[in-house]
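Observations on the three-dimensional arrangement
Below, each chain spelled out in residue letters.
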Amino acid sequence: MIAELWLGTLRDVAVNAVPTIIVACGLTLVVVTREIDISVGSAMGVLATVLGLLVSPARFGMSLWVGIAAVLVLGAVIGLVNGALVVWGKVPSIIVTLGTLTALQGVNALLLHGEQITQLPSALRYLGVGRIAGIPVSLYLTAIVVIGTMLLATRTALGRRLYAVGSQPDAARLAGLSEVRLKLFVFAFTGVLVGVATLASVSQIAVIEPNLGRGFELVVVTAVLVGGTSIHGGRGSVVGAAIAAIVLEGVRTTLILLRLGESATYWERAIQGAFILIAVLIDLLVRSRRATVRRA
Amino acid sequence: MVAIPRNNAEGGAGDGVRAGVGRGLEVDGLAKSYGGVHALSGVSLAVRPGQVHALVGENGAGKSTLIKIISGVVSPDAGAVSMNGTPIPLGHVTLSQQAGVATIHQESTAFPDLNAIDNLFVGREQGMRRGGLLLDRRRMREQTIAALAELGEHVDVDRPLAELPLASRQMIAIARALSQQCTVLILDEPTASLSEPEGEALFRAMQTLRMRGIGMLYVSHRLAEIFALSDVTTVLRDGQVVAHRPTAEFTEASLIQSMVGREIAPLVPKSAHDTVHDTPSDGATTVTPPARDEPMLLVTGLTREPAFRDITLQVRPGEVVGLAGLVGAGRSEVARAVFGIDRQTRGEVRVAGQTLTPGSVPEAVAAGVALVPEDRQHLGLVLPMSVRENLLLVVLRRLAKFWIRPRAIERTLVQELSASLAIRPAGPDLRADALSGGNQQKVVLGKWLATKPRVLVLDEPTRGVDVGAKAELYRLIRQLAGEGMATLLISSDLPEILALSDRVLVMRQGMLAGELPRAEATEERILALAMPADIALRERVAS
Amino acid sequence: MSASAPVVNGATSRDLVAQPSWWARLAPYRHEMALAVLLVVLFVAAAIVSPSFLDLTTQRALLSHDWELAMLTLPMMLIILTGGIDLSVGATMALASVVFGLAFTRTGSVGVAVAAALGTGVVCGGLNGLCITRFKVHPLIVTLATLSAYRGIAEGMSLGQSVSGFPASFSQIATMTVAGIPLLGGLYLIFALMLAFKLARTPVGAWLVAMGYNETAARFAAVRVDRLKVALYTYSGLMAGAAAIFFAARRNTAKADVGMGMELDVITAVVLGGTSIFGGRGTVIGTVLGFLLLHESREWMSWAFDYDELNLILVGVLLIASVLLQRVLSGRSGRRA
């Protein structure tokens, strides 16, 4: 009985963490190449709105497949715009994604006009509540994304090159690696993953409202950093980020379960901040340990 | 130690060499200038397959420029490079690599966060894919272990390079170069930071390469290695080839002579200012010896592993103490610790009797220490700022009245400094990066002279400086010494050390190897003190 | 010795030594001049399309809710000038606001509340500075973390509730005018002038510029880099505390969700104002112009087109565009310092 309760809670936590995990996969690779993308929250908001507008019977009522395709393509486009500004405009990624974060918020507000979209096709809901062999569909999806990204990162030439570029950009250039292509890829890849996460998120929440995605980027970045990715590039684990995302979500759920009530959610952000700092300090320790080894 | 057979074949046109094949790397008439300073002029040489070609010369002789051109980092102003008869397009690193040129730099340009396997294969994963997408990591692993074993290296190929010793990292870099089917391997001072056994492992690896028919261009300051390993030696001096012979035809003395031999006189004019240190044979000196008893700078037991250990030295007012040694001996690191940029782990620094807190630059400067760093462009100056701002940067607070900058006083000071140091062109509002190397150095010096220091530490003050400015700087240094400045002069330019120093200290691998008073100091003696365990190595290696 | 004589705007080095032409002397201020031109263009367009916008009372009213933003741009400019960044200003403002409210509720004294708010700002900023200098963590990461942490603590302490009911004597500072100039606006101008003076006529200006261009070289020149950094981030925190106080006076409320997204606006204004995100280059006049341009274009958008959402798009685009512009400008700049 206890075990059932435990597993049930774990499952719920994991399901809640699905969007975070999916985007964290892509963001890990972005950070590995020494860039950052804080526009993922706003991007998710816009993509959700577009999805809602396209497929809701109360709006354009188009086929769900059209909606899915639009979300994925649009996500890739947003990512490419970010990437292009970084590699060709040579604008630091923090600025680019800070700018797109805002602009997308505006676009989202423009599209929604403060309203909500509640009528969604039931097929979409399947992703959120459906189960196969007792396990929610969204978890299968997440597992595919995580395993796929992990394989990409560790077992493909592209993946290794990403780590190389982040580890030592000059040497990467000398080795003939194209920083432009690699970085465009990670941003676009993250954009597509944001699209996937949007699908998962909307199918769970079933309501599209203006605040969707607010603060999401912070959670994802926390998961990425806590999961062992170094902000200095070259080092990072997709699986680690996924686990960290689950842990963070677990902490949040624990706070609620402990009956701290309303205040629990209020302290959540503070804890996030603390997590980031801890993650960075650990990274610092690892780097200084390496420096000592090298000097010896 | 395996005896290394010599390959003295020079391969001239009539040597039965077919056009193209087997000629190796040929460099013809390379020239490169940086803002008026000729880094290279008319340099030609050849590295034949299976041959170890040594490239020697002092710092500033043009070795690194030559290597940069061959490896494609920099384009020359004139000249050509070809591999086996085919010209290599210059200025593109990937093209040089494709032509078969691989370079091992001193600080290996590898990926510290990746392991040996990735370092070997990144960028050239062809043939390692299974099913067209995923990498066959098992095969990659096996090949990496094999490639390293061939070089005598047995490291953990799964650990990130940052956790491996420098010597292993170099081996991995070499293995990567080999796997790229290079024809010629350039090694730029590979042993500078290696211990003896690590160096020997490298030499064994080079033997393997030689047997594979790979030509090597070996740059080193360590003459013992030159004699032990190389077949042919080229000597560069002031950007030109001054000697090019089979190594066996050199003696240590003749090699050093080629490296350094030049007229010393024009650089150190004997003028009225210079009466302080005429040669002893002169007998009568007309000025009282400036060296008083209490040292201005006293360093005791200074240690900062692994850069240097137990350094004890003193500099008296009016004295110029030269600090000589090979690259990597730890001289600059000592200077940095004295100045407070780095914190020493043991030992103390005293200026005029006052002990300095380790690691505090403002305190050292307040006590009267000034450091003109080796890297003038990145450490000595803030290039985008104006000459005026650079000159004033350190003394701003001192000059300020109630925190306000006094325009008139600042202007006068800048004018005085510009004039007395002859900084050209004379516009103080010019950006510092618009000046030539020599004038930039004068700005750095001026910035420090404005603080009226008592101890002046100079680290390679005339590197990349043209002859005219050099002479001016020498005159200035002697003049300052005459006025009581305690000067510590770090230099790899031996005639410079000999011309300016009252005493010469020699560092070797982080420790003080010896001291030579002016009368006994010669270049040969300095080099002999500076070079590590040469005789034993030479004897072991000689066929 | 053939030192190349740089040619600037047709002048040779000899000309530079003698009397530089007024055009040559203005060259480093190209960005600021462009801003001024844009501002004029904006006003002209407003005059044509919706002249009521330019009404003085309207302008004063519109400006009155952006003084907090203006105040925060000054320390942010210094931080970005030295190559750093502070993403936590909004969150610090929120925490200071909550502390202000709590202190007032507990003691009934505005004076105590003001001191508490300012003190909170100082502590928050100082903590940022400490993590950056002592633990050597990148400012981006530190302030990203404190962005969460401070806001979170504010929300936790306040539990979503807000405090209001401040005495009229306090609230009126928001609307008070001295000789026609709003008090808060006047304070801002005074701070800006003081800062401009400090940068131009005291050693600090040169130190900060050196730090921004080349921190290592600055250390080699005995500039107390770490001390300055801590001071800058503390100053930023202090101003965030002051902003919380201004907000409380103006809106008669102290709560945890003030300053949401404030950091983005502040950074945009500073970068728009010509301060280089890479450090070393920046002016107070530029920052003032940047703030004005951002403020006026946002307000005009709402006024003329009634589309608040366009504001956000505008700000996002402006931020990216101004950095792109800087790159273009600096790529073609002459050799004057």
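Just so it is clear, the model here is predicted, and its values are computed rather than measured.

How each quantity is defined
Residues numbered from 1 in each chain as written. Chains lettered and ligands numbered in written order. Predicted model: local features only at pLDDT ≥ 70, side-chain atom pairs only at ≥ 80, totals over all residues. Heavy atoms only, no water. Contact = heavy atoms within 4.5 Å. Buried area = accessible area lost by both parts, 1.4 Å probe. Polar contact = N/O pair within 3.5 Å; in protein donor to acceptor, adjacent residues only side chain to side chain. Nonpolar A, V, L, I, M, F, W, Y, C, P; charged D, E, K, R; others polar. Pairing = 2+ DSSP bridges. Helix = DSSP H or I, 4+ residues; strand = E, 2+ residues; numbered from the N terminus. Axes fitted to C-alpha atoms, helices over the stretch in contact; angles between N-to-C directions. Salt bridge = Lys/Arg side-chain N within 4 Å of Asp/Glu carboxyl O. Core = buried A, V, L, I, M, F, W, Y, C linked by side-chain atoms within 4.5 Å. Buried < 20%, exposed > 50% of the residue type's maximum accessible area, 1.4 Å probe, protein only. Expected span 1.5 Å × (residues − 1). Arc of directions from axis to C-beta. Parallel < 35°, antiparallel > 145°, perpendicular 65-115°, else oblique. Patch = residues over 30% accessible without salt bridge, like charges linked within 9 Å, V, L, I, M, F, W, Y side chains within 5 Å. Areas by Shrake-Rupley, 256 points an atom, 1.4 Å probe, with all protein chains shown as cover.

Looking at the interface of chain B and chain C
Between chain B and chain C, the contact holds 40 residues from the first and 31 residues from the second. For the pair chain B and chain C, the two sides together bury roughly 3,100 Å², of which 69% comes from carbon and sulfur. On the surface where chain B and chain C come into contact, there are two residue pairs in polar contact (both at pLDDT 80 or more). Tallied by class, the residues present in the side of chain B that touches chain C amount to 23 nonpolar, six polar and 11 charged.

Details of the sheet that holds strand S9 (residues 184-188) of chain B
Residue and element names in this part refer to chain B. Here six strands make up an open sheet; going across it, the order is S6-S9-S10-S3-S11-S12 and the pairing mixed. Edge positions in the open sheet fall to strand S6 (101-104) and strand S12 (240-246), since each of these has one partner strand only. On average, adjacent strands in this sheet sit at an angle of 20° to one another, irrespective of strand direction. As paired elements, S9 and strand S10 (residues 215-219) share five bridges and run parallel to each other.

Brief notes about the interface of chain A and chain B
Contact with chain A, which involves 25 residues of that partner, is made by 26 residues of chain B. Here chain A and chain B share an interface that buries about 2,300 Å² over both sides, 57% of which is from carbon and sulfur atoms. Here aspartate 113 of chain B ties to arginine 235 of chain A by a salt bridge, and the two come within 4.0 Å at their closest N and O atoms. Per-element accounting of the side of chain A that touches chain B gives the leading share, six residues, to helix H7 (residues 157-167) of chain A. Residue composition of the side of chain A that touches chain B, by class: 10 nonpolar, seven polar and eight charged.

Remarks on the nonpolar core
Judged by nonpolar contacts, the single largest core of 265 residues is most densely connected at Leu297 and Leu393 of chain B together with Phe100, Leu208 and Ile267 of chain C. Contact partners of leucine 297 of chain B, with chain neighbours within four places excluded, come to Leu313, Gln314, Val315, Val338, Val349, Arg350, Val351 and Val455 of chain B. One finds Val157, Ile174, Ile214 and Phe250 of chain B within the second-largest nonpolar core, a separate group that totals 64 residues.

A closer look at helix H3 (residues 30-49) of chain C
All names here are of chain C. The end-to-end C-alpha separation of H3 is 29 Å, in line with the 28 Å expected for 20 residues at 1.5 Å each. Those residues of H3 that sit buried are His31, Glu32, Leu35, Leu39, Leu42 and Ala46. Buried residues of H3, seen end-on, are gathered within an arc of 100° and therefore sit on one face of the element. Away from its buried face by more than 90 degrees, H3 exposes Val37 and Ile48.

Remarks on unusual backbone geometry
Residue and element names in this part refer to chain B. Phi at glutamate 189 is positive, roughly 45°, even though this residue is not glycine. Phi at alanine 352 is positive, roughly 50°, even though this residue is not glycine. You can call alanine 352 partly exposed: its relative accessible area is 41%.

So, the sheet that holds strand S18 (residues 369-372) of chain B
All names here are of chain B. Spatial ordering of the open sheet is given by S18-S19-S20-S15-S21-S22, a layout of six strands whose pairing is mixed. Two strands lie at the open edges of the sheet, namely S18 and strand S22 (511-517), each paired on one side alone. The average undirected angle you get between the axes of adjacent strands in this sheet is 20°. Pairing of strand S15 (residues 320-325) with strand S21 (residues 503-508), which is carried by five bridges, proceeds in the parallel orientation. The residue bridging glycine 322 from the neighbouring strand is valine 504, located in S21.

Thoughts on the packing of helix H1 (residues 2-32) of chain A against helix H9 (residues 179-205) of chain A
Residues and elements named next belong to chain A. Remark: H1 packs on H9, axes separated minimally by 8 Å, with the N-to-C direction vectors making an angle of 175°. Regarding the angle of H1 to H9, the classification is roughly antiparallel. On the side of H1, the interface is formed by Val15, Val18, Pro19, Ile22, Val23, Cys25, Gly26, Leu27, Leu29 and Val30, while H9 contributes Val186, Phe187, Phe189, Thr190, Leu193, Val194, Val196, Ala197, Ala200, Ser201 and Gln204. Residues that form the contact of H1 with H9 fall into these classes: 17 nonpolar, four polar and no charged.

Describing the pattern of salt bridges
Residue and element names in this part refer to chain C. Under the defined criterion, the tally for this structure stands at 36 salt bridges over all chains. With its nearest N and O atoms 3.9 Å apart, the salt bridge here joins aspartate 66 to arginine 298. Pair noted here: aspartate 66 is in the loop between helix H4 (56-64) and helix H5 (67-81) and arginine 298 is in helix H15 (residues 284-305), with a separation of 232 residues, a long-range link. The exposure class of aspartate 66 is buried, given its relative accessible area of 8%. Given the relative accessible area of 13%, arginine 298 is considered buried. A salt bridge links glutamate 68 to arginine 250; its shortest N-O distance comes to 2.7 Å. Here glutamate 68 is found in helix H5, whereas its partner arginine 250 is found in helix H13 (residues 225-251), with 182 residues between them in sequence. Note on arginine 250: relative accessible area 22%, which makes it partly exposed.

Comments concerning a nonpolar patch on the surface
All names here are of chain A. A cluster of nonpolar side chains, contributed by Ile2, Trp6, Leu7 and Leu10, occupies part of the molecular surface with about 490 Å² of accessible area. Structurally, leucine 10 is set in helix H1. The exposure class of leucine 10 is partly exposed, given its relative accessible area of 40%.

That is the geometry; function is a separate question.
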